[in-house]
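# Overview (structure and organization)
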Amino acid sequence: MSTTPTRHLGELAVSAQGLGCMGMSHAYGAADDAQSIATLRHALDLGVTLLDTSDYYGAGHNEELVGRAVAGRRDEVVLATKFGFANRLGEPTLIRGDAAYVRQACEASLRRLGVDHIDLYYQHRVDPRVPIEETVGAMAELVRAGKVRHLGLSEASAGTIRRAHAVHPIAALQSEWSLWTRDLEAEIAPVCRELGVGLVPFSPLGRGFLTGRYSSLDGLAESDMRRTQPRFADGNLERNLAIVAKLEELAAAKGITAGQLALAWVQHRGEDVVPIPGTRRQRYLEENLAALTVELSAEDLAAIEAAAPPELVAGTRYDETSLTFVNG
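Let me begin by describing the structure that accompanies this report. Only a predicted model underlies this, so the values are computations on that prediction, with no experimental measurement involved.

## Brief notes about the overall build of the chain
Helix and strand content of the chain: eleven helices and nine strands. In the chain, which comprises 328 residues, the share counted as buried stands at 58%. Of the contacts made within the chain by residues no fewer than 6 positions apart, 76% connect residues no fewer than 24 positions apart.

Laid out in structure tokens, this is it:
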């Protein structure tokens, strides 16, 4: 059995890279449960301990899937899940952070996962109508009850993180962070570091785009969320492909893939950074984990950033409606 190195999210020890499970049930086409469960178990075999899901992914399907995969291996896993989206896909977005909903959502997640506690429980998006103190206060009650071990926030602003942390220690902030999404670097990451909050970048490979595997939308399922995202739209796609081409040149010189280079860049953001690239396939899981062994010098990092400066990225990371729910 291989051992993946560990890092800490607050006081929570986890593998230095986790596995994002969203795409196994949600957003990227039809599910293949057998393939996904095999990949999840292979991740555990390779020493990945942090598995990331949400009650929103596949309307609960993803939590059930992860629960099936870890059955009998609970002590090997740091289970992270989220609450907050009270709607289902195709309905107007409804975020809830009221205390009653926090308790209700946690009980439902425990049932679907088939466990008696959640290791890391995130608010998936901040509810602008409910004071964060109420939400985190209810989450803290779950800790005292033994149903949750550690608390997290997702896509929260620096001010919200401060207020939340004053109610109960926040172990981790999960927000998008990659070479083409860097908006948390100015204010949010410094506040997390001041408070000892770990950073969990989702989509560290730019929804797969930074791997170089997507030169057009042709191979994507009709239900794939990337078809609706501005960075994959005509005009923007071509400009962003030029960035990937530069990354591929740098990666080739080091004998690695563009995806491994982009992921290694994220891993090098600090010892408190634990990215959660997602995949359903064992070969890509292994490729992603190999990025942990990639060493980047100061010169390498400078060259990567020169190849992919934020101002060259074309298009916003979400549509206008979805953008209203980030950095809340």
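This is not the end of the story, as more comes after the structure.
## Points about helix α10 (residues 298-307)
Every buried residue belonging to α10 is among Leu301, Ile304 and Ala307, and all of these are buried. Angular distribution of buried residues about the axis of α10 spans 125°; they occupy a single face of the element. Facing away from the buried surface of α10 by more than 90 degrees, the exposed residues are Ala298, Glu299 and Ala306. Contact partners of the buried residues in α10: α7 (236-254) and α8 (258-267).

## Overview of unusual backbone geometry
Within the chain, glutamate 155 stands out as a residue other than glycine whose phi angle is a positive 55°. Of note, glutamate 155 is situated in the loop between β7 (148-154) and α5 (158-167). Taking relative accessible area as the criterion, glutamate 155 reaches 0% and is therefore assigned buried. If you check the backbone angles, serine 203 has positive phi at about 50° while not being a glycine. Relative to the elements of secondary structure, serine 203 occurs in the loop between β9 (198-202) and α7.

## Details of the pattern of salt bridges
Throughout the structure, instances matching the rule amount to 20 salt bridges. When the shortest N-O distance is used, the salt bridge between aspartate 119 and arginine 74 registers 3.0 Å. With aspartate 119 in strand β6 (residues 118-123) and arginine 74 in the loop between α2 (61-70) and β5 (78-83), this residue pair connects regions lying 45 residues apart in the sequence. Assigned by exposure class, aspartate 119 and arginine 74 land together as buried. Each of the salt bridges in this network shares a partner with another, and the network as a whole consists of Arg182, Glu185, Arg269 and Glu305.

## Focus on the nonpolar core
Among the nonpolar cores identified, the biggest contains 79 residues, and Leu19, Leu40, Leu51, Leu153, Ile161, Leu173 and Leu247 are the most heavily contacted of them. Examining the composition of this core, we find that seven residues originate from one element, helix α3 (residues 99-113), more than from any other. For leucine 19, the contacting residues outside a window of four places in its chain are Met24, Leu40, Ala43, Val48, Leu50, Leu51, Asp52, Ile276, Pro277, Gly278, Thr279 and Leu285.

## Section: helix α1 (residues 33-45)
Taking 1.5 Å of rise per residue, the 13 residues of α1 would be expected to cover 18 Å, and the 18 Å separating its terminal C-alpha atoms lies within 8% of that figure. Every buried residue of α1 is listed here: Ser36, Ile37, Thr39, Leu40, His42, Ala43 and Leu44. Taken together, the buried residues of α1 touch β3 (19-20), β4 (50-52), α2 and α9 (282-290).

Reading guide: rules and limits
Every chain's residues receive numbers from 1 upward, in the order its sequence appears when written. For a predicted model such as this one, the threshold for reporting local features is a pLDDT of at least 70, and the threshold for listing and counting side-chain atom pairs is 80 or more; totals across whole chains, interfaces and linings nevertheless cover every residue. Water and hydrogen atoms were dropped before computing side-chain values, which therefore reflect all heavy atoms in the structure. Working definition: helices are DSSP H or I runs of at least four residues, strands are E runs of at least two. Numbering for both runs from the N terminus. A simple rule labels every residue: compare its accessible area, found with a 1.4 Å probe on the protein chains alone, to the largest value its type can have, and call it buried under 20%, exposed over 50%, or partly exposed in between. The contact criterion used is simple: two residues touch if any of their non-hydrogen atoms lie within 4.5 Å. This arc is taken over the directions from the axis of the helix to the C-beta atoms. Think of a salt bridge as a Lys or Arg side-chain nitrogen and an Asp or Glu carboxyl oxygen that are within 4 Å of each other. To form a nonpolar core, buried Ala, Val, Leu, Ile, Met, Phe, Trp, Tyr and Cys residues must be joined to one another through side-chain atoms within 4.5 Å. An expected span of 1.5 Å times one less than the residue number is assigned to each helix.

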